[in-house]
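Residue strings, one per chain:
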Amino acid sequence: MGKGITDIQPPQGFAAQTGAAVTILASSHLGFALSTTQVCSGAVMGSGLGRKGGVVRWSTAGRMVIAWGLTLPAAGLVSAGAAFLAGQGDWGITTVAVLGLAICGAIWAASRRKPVDSSNVNDVTPVESAEPAGVVTAALQTVSPPPAGTTTTGAGTIDGIPAQAAPHSPTPATTAVR
Amino acid sequence: MNIDWAALGQVFGTTLAVTVGMVGLFTLGIVGTSRKAAQEGEAGGTAVAGSGSSAATRAGGYVCFALCLAAVGYGIFLIVAG
């Protein structure tokens, strides 16, 4: 979450986790249930936006929301099937257990085709085509100064948006009048 | 379906206030207890840090950290006692 949706540094991580913890605590104190994953994702997105020059990759966030939307009904269907089968008797329970183990084994085997281990877990997937900056990001970029402290040219720019003009450069209209 | 907007509003307000407060306090604590604040203090013109290693600012930093710890302790108390 700290690299795919947005790039965050430790101060943003601290802010995100504090926000998530307070939300979860306040909400459970008042008695309502919530999803920790969704609260943490929202907190990370917010802290990514809050950092000066921060950009949120909305396409990744969109994919996460779709995944949330699909997994709830999918989990519901799978457990409904399993409960129905297990309700048939002892053979049903055994079948559910065997099927569960077999499917978990198959998924694990499929995941080992391209293993993620300590050598590549922090790699950022290369983007095939530069993601066009969204409307909100473009608007924010035009009114906010680029992040301070960058020494390499182009480090503070986003593909698709022209680099920030110097704040005190005179506009052509005012200098062309003779 | 009825939505308890009042409770949602309470959660939102509490979260906003406490999160901003805690992150701000922690930042003040770091600024207060840091030693390099002299240069950045003058460049940035912050009112808080003159020279970071003076006793008063360091004490202020420790107070801020203690307040953060108190907030965390209150949270744990809420969980355990609730």
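Residues numbered from 1 in each chain as written. Chains lettered and ligands numbered in written order. Predicted model: local features only at pLDDT ≥ 70, side-chain atom pairs only at ≥ 80, totals over all residues. Heavy atoms only, no water.

## Concerning the overall build of chain B
Point 1. Counting its regular elements, chain B contains three helices and zero strands.
Point 2. Element order for chain B, N to C, with α for helix and β for strand: α-α-α.
Point 3. When each of the 82 residues of chain B is scored for burial, the buried share is 21%.
Point 4. A fraction of 51% describes how many contacts in chain B between residues 6 or more apart in sequence connect residues 24 or more apart.
Point 5. Summing over all exposed atoms, chain B offers an accessible surface of approximately 5,700 Å²; the carbon and sulfur share of this is 71%. (Helix = DSSP H or I, 4+ residues; strand = E, 2+ residues; numbered from the N terminus. Buried < 20%, exposed > 50% of the residue type's maximum accessible area, 1.4 Å probe, protein only. Contact = heavy atoms within 4.5 Å. Areas by Shrake-Rupley, 256 points an atom, 1.4 Å probe, with all protein chains shown as cover.)

## What to know about the environment of Ser54(B)
Residue and element names in this part refer to chain B.
Point 1. One can find Ser54 in the loop between helix 2 (37-44) and helix 3 (55-81).
Point 2. On a C-alpha basis, the gap between Ser54 and Gly32 in space is 8.8 Å, while along the polypeptide they are 22 residues apart.
Point 3. Here Thr57 takes part through its side chain, which lies 2.8 Å from a polar atom of the side chain of Ser54. (Polar contact = N/O pair within 3.5 Å; in protein donor to acceptor, adjacent residues only side chain to side chain.)

## Regarding the nonpolar core
Residue and element names in this part refer to chain A.
Point 1. Core analysis: the largest hydrophobic core is formed by seven residues, namely Ile8, Ala16, Ala20, Val39, Cys40, Ala43 and Val44.
Point 2. Elements with a minimum of two residues in this core: helix 1 (10-30) and helix 2 (36-50).
Point 3. In terms of residue count, helix 2 provides more of this core than any other element does, four residues in total.
Point 4. Every residue in contact with Ala43, bar those within four places of it in the chain, is listed here: Ala16 and Ala20.
Point 5. Membership of the second largest hydrophobic core comes to five residues, among which are Ile5, Met45, Val56 and Met64. (Core = buried A, V, L, I, M, F, W, Y, C linked by side-chain atoms within 4.5 Å.)

## What to know about the confidence of the model for chain B
All names here are of chain B.
Point 1. Residues with a pLDDT of 70 or more make up 79% of chain B, whose mean pLDDT is 82.
Point 2. Of all the helices and strands in chain B, helix 2 carries the lowest mean pLDDT, 51, while helix 1 (residues 5-33) carries the highest, 91.
Point 3. Scoring of the predicted complex yields 0.60 for pTM and 0.73 for ipTM. (pLDDT = per-residue confidence, 0-100.)

## With respect to helix 3 of chain B
What sets the pattern is the α-helix's 3.6 residues per turn: residues three or four places apart point alike.
Point 1. Over its 27 residues, helix 3 of chain B runs 38 Å from end to end, which matches the ideal 39 Å to within 8%, given 1.5 Å per residue.
Point 2. Next to the buried residues of helix 3 of chain B lie helix 1 of chain A together with helix 1 of chain B. (Expected span 1.5 Å × (residues − 1).)

## Considering helix 1 of chain A
Point 1. Taking 1.5 Å as the rise per residue, helix 1 of chain A with 21 residues should run 30 Å; its terminal C-alpha atoms sit 30 Å apart, in good agreement.
Point 2. Listed in full, the buried residues belonging to helix 1 of chain A are Gln12(A), Ala16(A), Thr18(A), Gly19(A), Ala20(A), Val22(A), Thr23(A), Ala26(A) and Ser27(A).
Point 3. For helix 1 of chain A, the elements touching its buried residues are helix 2 of chain A together with helix 1 of chain B.
Point 4. Of the residues flanking the end of helix 1 of chain A, it is Gly31(A), one or two places downstream, whose phi is positive at about 100°.

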